[in-house]
Amino acid sequence: MNRKPFSLFASVSAALAMSLAISCSDHIPARDYSIPPMPAYASLTSNPKLPDPFLFMNGMRMTSKDEWKYRRAELAALAQEFEYGYKPNTPSSAVTGSFADNRVTVSVTDNGKTISFVCSITYPTTGSKPYPAIVGIGGSNLNNTALLNMGVAIITFPNNQVAQQTNGSSRGKGLFFDMYGSDHSASATMAWAWGVSRLIDALEKTPAANIDPARLGVTGCSRNGKGALTVGAFDERIKLTIPQEPGAGGAASWRISDAQLAGGKTVQTLSQIVNENVWFRQSFSQFSKTSDKLPFDQHSVLALCAPRALLVIENTSIDWLSPVSSWNTAHAAHKVWQALGIPDRMGFSQIGGHNHCALPDSQLPELRAYVEKFLIGTGTGNTSIMRTDGGFTVDESTWIDWTVPSLN
């Protein structure tokens, strides 16, 4: 049997195959395989466990680290098909950028239309130009003073202009949908991911902004933390992803959160979130009572950042975030970095005793270590971080029925 995983799959149409192959991450060329056709909802089977991130859709399992790029492309396609909606394949040539008054203006012409949005930049007074930068979805709730003192610029991305998120009535509203139509499958978070990718395109063409497009991170808190994860998962030019207290649809598994709710915990679940806002595609609601039919879960979405760096920041003091779910989900995701031989590139820090979206001083050393090592590129601090102050255990017997493969 041929070991190339995708040689065994029936090909989708040429247009769809190309869209799926490239939309899994911006600026990654199509490879010599075809992503398999996406299954219909009716064909999905119930699986109470967290699905095996190493298992290809054809039943074969990864045997080499090189195969991760193929499996990652599968997971990216599944996540778009069922949860996030599709990220348009907008070419870099469609984007222009201009810079003035510490602001970069991003203009995109595609689908017969032109839209523009402005991102403000706060520059450090130390470090060297061009600066590494962290893109804040709606702003950064990290310790921004510390970031600036490390020589890192902070870019504010106007996500609510690109795709609105007021409530359920926001679907299909914003600049993204002005360009691609109010009925586009993309959720608000995927529209934001598209917008940040266009920001990166503009930065690559705008040296006057003094931002190094090869050293970019992304962050956001709460609902915007869900967006930050989506950005990092779907653009490989993001070197460091730091979702802060994203909870459901971020660090928390849909399956485990459902179990937490059934056990009497007041946590956000899939059935609640699809009626609250437009962070996920409209058809995601079909899983309201069947999250165990998802062919992936949030551990797989976190793993889309691999082999790049990911630091998840969570809070044990807010039950709504489902801290037990996030703790177990993080450990499942971490197994991907472990299999790839780079476990120190994925960290999880869950500390309570503070308000939502307030970074406590006790998490600053972890933030600093990740930023210095994976964004600035000069750090040697400890990034092997998997900690919680909640006293939680990892319940592998309930949620994981697969092992970490030994990859060559």
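It should be noted that the structure appears before, not after, this text.
About the cut-offs
- Residues numbered from 1 in each chain as written.
- Predicted model: local features only at pLDDT ≥ 70, side-chain atom pairs only at ≥ 80, totals over all residues.
- Heavy atoms only, no water.
- Helix = DSSP H or I, 4+ residues; strand = E, 2+ residues; numbered from the N terminus.
- Expected span 1.5 Å × (residues − 1).
- Buried < 20%, exposed > 50% of the residue type's maximum accessible area, 1.4 Å probe, protein only.
- Core = buried A, V, L, I, M, F, W, Y, C linked by side-chain atoms within 4.5 Å.
- Contact = heavy atoms within 4.5 Å.
- 1 Å grid on protein atoms, 1.4 Å probe; cavity = no way out; pocket = protein on both sides within 12 Å on 5 of 7 lines; lining within 4 Å.
- Points joined across faces, edges and corners; volume = space filled by probe spheres on them.
- Nonpolar A, V, L, I, M, F, W, Y, C, P; charged D, E, K, R; others polar.
- Pairing = 2+ DSSP bridges.
- Axes fitted to C-alpha atoms, helices over the stretch in contact; angles between N-to-C directions.
- Salt bridge = Lys/Arg side-chain N within 4 Å of Asp/Glu carboxyl O.

Any chance you could explain helix α6 (residues 188-204) here in plain terms?
Along an α-helix, residues three or four apart share an orientation, since each turn contains 3.6 residues. In this model α6 runs 24 Å from its N-terminal to its C-terminal C-alpha over 17 residues, within 8% of the 24 Å that 1.5 Å per residue would give. Within α6, 16 of the 17 residues are buried, which leaves it mostly tucked inside the rest of the structure.

I keep staring at the nonpolar core and nothing clicks. Help me out?
Membership of the largest hydrophobic core comes to 101 residues, with the highest contact counts inside it found for Ile155, Phe157, Ile211 and Trp337. Considering each element in turn, this core owes the most residues, 11 residues, to α6. If we skip the residues at most four places from it in the chain, phenylalanine 157 touches Phe117, Cys119, Val135, Gly136, Ile137, Gly138, Val162, Trp192, Gly195 and Val196.

Would you explain the layout of surface pockets in this entry?
Empty space left among the atoms is revealed by rolling a probe the size of a water molecule over them. Roughly 460 Å³ of internal volume is contained in the largest pocket. Surrounding the largest pocket, 23 residues form its lining, Leu44, Leu55, Phe56, Met57 and Pro295 being those nearest its centre. A per-class count over the lining of the largest pocket returns 13 nonpolar, four polar and six charged.

Looking at this structure, I do not really get empty space enclosed by the protein. What am I missing?
For the coordinates displayed, the defined rule picks out one cavity of 30 Å³ or more. Taken as a whole, the largest cavity holds about 40 Å³ of empty space. If you go around the largest cavity, the residues you meet are Ala163, Gln164, Ser170, Arg171, Gly172, Lys173, Phe177, Ala186, Ser187, Ala188 and Val278. Of the residues contributing to the lining of the largest cavity, the split by class is five nonpolar, four polar and two charged.

What's the story with the sheet that holds strand β6 (residues 211-221) in this structure? I'm lost.
Backbone-to-backbone hydrogen bonds join strands into a sheet, with any given pair of strands oriented parallel or antiparallel. Strand order in the open sheet made by the 10 strands is β1-β2-β3-β5-β4-β6-β7-β8-β9-β10, with mixed pairing throughout. The strands lining the two open edges of the sheet, one partner per strand, are β1 (95-100) and β10 (386-388). Averaged over neighbouring strand pairs, the angle between their axes works out to 20 degrees when direction is ignored. Relative to strand β7 (residues 238-244), helix α12 (residues 364-376) is tilted by about 160 degrees, and along the sheet it contacts β4 (131-137), β6, β7, β8 (309-314), β9 (346-350) and β10.

It is not clear to me how the pattern of salt bridges should be interpreted in this structure. Could you clarify?
Opposite charge on two side chains permits pairing when their charged atoms draw close. Considering all chains together, one arrives at 13 salt bridges under this definition. A salt bridge links arginine 237 to aspartate 235; its shortest N-O distance comes to 2.8 Å. Accessibility assignment for this pair places arginine 237 and aspartate 235 in one class, buried. Residue lysine 335 pairs with glutamate 396 through a salt bridge whose shortest N-O separation is 3.0 Å. Residue lysine 335 is found in helix α11 (residues 323-339), and its partner glutamate 396 is found in helix α13 (residues 396-399); the two are separated by 61 residues along the sequence. On the basis of relative accessibility, which here comes to 33%, the residue glutamate 396 falls in the partly exposed class. Where salt bridges share partners, they join Arg198, Asp201, Glu204, Asp235 and Arg237 into one cluster.

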